[in-house]
Amino acid sequence: MNLVRARRTVLFGQYVYPASFLIILVVVVKWPLPGVVAAFVAILCLWGSLLSFSRWIGHASDERMELKEQLIQSQKLLALGEISTGIAHEINNPLNIIMQEAELMRMNFQQDLTEEEVSEIQESLDVILQQVERCSDITHKLLDFARSRRPVTQTADMNRLLVDMLTLVERETDAKHIQIVKVFSNDLPKIKTDPPLLRQVFLNLLINAVQALDGGGLIFVTTQCNDGMVCAEIRDTGPGISAAQIERVFDPFYTTKPPGEGTGLGLSVSLRIINQLGGDILLRSEPGKGAVFTVRIPIER
Amino acid sequence: MSRIRILVVDDEPDFLKLIQRRLGKRNVDVSVAASGQEALQALDVIPVDVVILDVRMPGLGGIETLKEIRKRHQEVEVIMLTGHGSMQSGIEGISHGAYDYILKPFSIEDLLERIRDAHEHAVLKRNARKVS
Ligand SMILES: Nc1ncnc2c1ncn2[C@@H]1O[C@H](COP(=O)(O)OP(=O)(O)O)[C@@H](O)[C@H]1O
Ligand SMILES: [Mg+2]
C-alpha cells in the first residue's frame, strides 16, 4: 500500500518538479519580487512532499520486513513438522513390530507351552531385541545430530579421502552396473580439515548417488581447486531432483526412500559438517538429468 | 615423539601375534584383545590412542564394539579392519564415527600411516578439550 503511494509520488514528481522549476524561473525573470516568494513556497512544498514521501517508503520497507519474517517463521514451522513426522515415522515402524511380537508372546504364554511355542517366543524375543536396537540407532543418530562433535583439523589429501570412500562403495557399484569416472586434479593442495567427518560426508553423497542409480549409470567424481577452496563434485546420471525437492533434501528426516534404506539424515548431517568446516555444499539438478553435489572446503582453516 | 599406543582387536590369534611383532619395531606399543568384550575391558584399564578393530568377530561384533567405544572413550580413535566381503561394515563404521578403515590384506606401511594420522587426530582432540 505505502509502496504503491510512494511510487505514484515519484512518477508524479518526475514531471511536476522540472515543470514547476521552469515556471518559477520564468516568473523570477519577469517579476523578481513575487518570483522570490513563489520560489520559497515551492521549496516548502518540495520539502514537505519529500518528507512524507520518505515516510511512506519507510513504512513500506517495514511492511516488507514483516512479511519476510512471517515467511521465515512459517518455513521453520514447516521444517519442524517435517522433522516430527520423520521421527514419528521412523520410531513407529519398529514400535509396531514390537507390539505385535509382544502380543504374540502373551498369547503363547496363556496355555502350557509346547516346544513349538517356546521356540516361537524365542523368535519373538529376537525380533524385539532387533527392533529395540533399531530404535536406539535412531535416537543415537538424533543425538549425534543434536550435539555433533566439534571438528579437529589436521592435514589431509582430499583425493585420497575420496579414493578410500570410493573403494568402500565399489562392490555395490559393480553389482549394480554403475561405472565410476574419476577426474582428479593432480595438483590439489593439501587441506586443513577433519578427515573422519569429511569421509562421512563423501560416503553419504556416494551412497545417495549409488541409490539413485538403481538401473545402472555413471558417477563422475571430480576434484579441483579454485579461489582458496578445494572442491569435490559428485555427479550421477540418475533421475535427478525437482526444484521443489531441492528446497527440502537438506532438511533432517526428509527422505523419499523406503524405511530401512534411508533415514533422511544423510544430507542434513553432511551439510552441517561441511558448514562447521567452513565450507558449503552446492546442489544442481533437473529431473531426468541427474544430480550434481559440490562440496567446497577452504584450504586453510 | 611419544610412542603410539594401540589396541588391536581380532579373533585370529595368529594375526594378533604377527601385528604385535611387526608394529612393535616401529615405535608403536601394541596391546591385543581377542574379542569386542575383551577390548572394552582392556580400554578401561590401559591408556590407548588408537584401536584397530576387526569388523567381523563372533560375540560382540565390530560395529557394536565401535559404538560402545565411542560412547565410553571419546578420546580414542578407531580404525576398522574390513575384508572384501565386509565392505558394508566398513561403511557403517565410517558412518558411526570410525576415524578410518583399512582393507585386508594391507601393507604394514599403509596401516602405519593411517595409525599415525589417527594418533595425531586423537592428540589434537585431547588438546582441544583441555583448552576449552
Ligand atoms: N543423487 C541423488 N539423486 C536423486 N535424489 C537424491 C540424491 N541424493 C539425495 N536425493 C534425495 O534427497 C533425499 C534425502 O537424502 P538424504 O538426506 O541422504 O537421506 P536418505 O538418503 O536417507 O533418504 C533422498 O531421499 C532423495 O530423495
Ligand atoms: Mg542418504
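Here the structure is shown first, and the text comes after it.
Residues numbered from 1 in each chain as written. Chains lettered and ligands numbered in written order. Predicted model: local features only at pLDDT ≥ 70, side-chain atom pairs only at ≥ 80, totals over all residues. Heavy atoms only, no water.

## Topic: the overall build of chain A
Note the threshold: Each helix is a run of H or I in the DSSP string that is no shorter than four residues. Each strand is a run of E no shorter than two, and both are numbered from the N terminus. For the radius of gyration, the atom set is restricted to C-alpha positions; the globular benchmark scales as 2.2 Å times the number of residues to the power 0.38. The buried label goes to any residue with under 20% of its type's maximum accessible area, the exposed label to any with over 50%, and the partly exposed label to all in between, with areas taken from a 1.4 Å probe on protein chains only. We call two residues in contact when some of their heavy atoms are within 4.5 Å. The accessible surface values rely on the Shrake-Rupley method and a 1.4 Å probe; as for residues, cover is taken only from the protein chains in view. Only four residue types enter the charge count, namely Lys and Arg as positive and Asp and Glu as negative; His and the chain termini do not. The atom standing in for a charge is NZ when the residue is Lys, CZ when it is Arg, CG when it is Asp and CD when it is Glu.
What chain A contains, in helices and strands, is seven helices and seven strands. Traced from its N-terminal end to its C-terminal end, chain A shows the element sequence α-α-α-β-α-β-β-α-β-β-α-α-β-β. Against the 2.2 N^0.38 benchmark of 19 Å for 301 residues, chain A shows a C-alpha radius of gyration of 32 Å, more extended than a compact globule. Split into buried and exposed, the 301 residues of chain A put 33% on the buried side. Across chain A, every contact between residues at least 6 apart in sequence was considered, and the portion connecting residues at least 24 apart equals 71%. A total accessible area of about 18300 Å² is found for chain A, and carbon and sulfur atoms account for 61% of it. Counting 29 positive and 35 negative side-chain charges, chain A places the centres of these two groups 16 Å from one another.

## Concerning the sheet that holds strand β6 (residues 280–285) of chain A
Residue and element names in this part refer to chain A. Going by this rule: Only strands that DSSP links by at least two bridges are regarded as paired with each other. All axes are obtained by fitting lines to C-alpha atoms, using only the stretch in contact for helices, and the reported angles, taken between N-to-C directions, cover 0 to 180 degrees.
Strand order in the open sheet formed by five strands is β2-β4-β5-β7-β6, with mixed pairing between adjacent strands. The open sheet has two edge strands with one neighbour each: β2 (178–183) and β6. Here the strands of the sheet are splayed against their neighbours by 15 degrees on average, with no regard to which way each runs. Across six bridges, the pairing between β2 and strand β4 (residues 217–226) is parallel. Along β4, the bridge assignment pairs Val-181 with Phe-220. Of the strands in this sheet, β2, β4, β5 (229–236) and β7 (291–298) are in contact with helix α5 (residues 195–212), which crosses β5 at around 20 degrees.

## Focus on the site of ligand 1
Residues and elements named next belong to chain A. Definition in use: We define proximity as follows: a residue is near a molecule or strand when any one of its heavy atoms falls within 4 Å of that partner. Counting of polar contacts relies on pairs of N or O atoms within 3.5 Å, with two restrictions inside protein: one atom must be capable of donating a hydrogen and the other of accepting it, and residues adjacent in sequence are counted only when both atoms are side-chain atoms. Amino acid classes used here: Ala, Val, Leu, Ile, Met, Phe, Trp, Tyr, Cys and Pro are nonpolar; Asp, Glu, Lys and Arg are charged; the rest, including Gly, are polar.
Around ligand 1 there are 18 residues in total, and Thr-255, Thr-256, Lys-257, Gly-264 and Leu-267 lie nearest to it. Thr-256 is positioned such that a nitrogen or oxygen atom in its side chain is 2.5 Å from an oxygen atom of ligand 1. Separating an oxygen atom of ligand 1 from a backbone N or O atom of Gly-266 is a distance of 3.4 Å. Calculation on ligand 1 without its partners gives an accessible area of 530 Å², and the protein chains cover 93% of this total. Contributing elements (two or more residues each) for the shell around ligand 1: α5, α7 (266–276) and β7. A breakdown of the residues in the shell around ligand 1 according to their chemical character gives eight nonpolar, eight polar and two charged.

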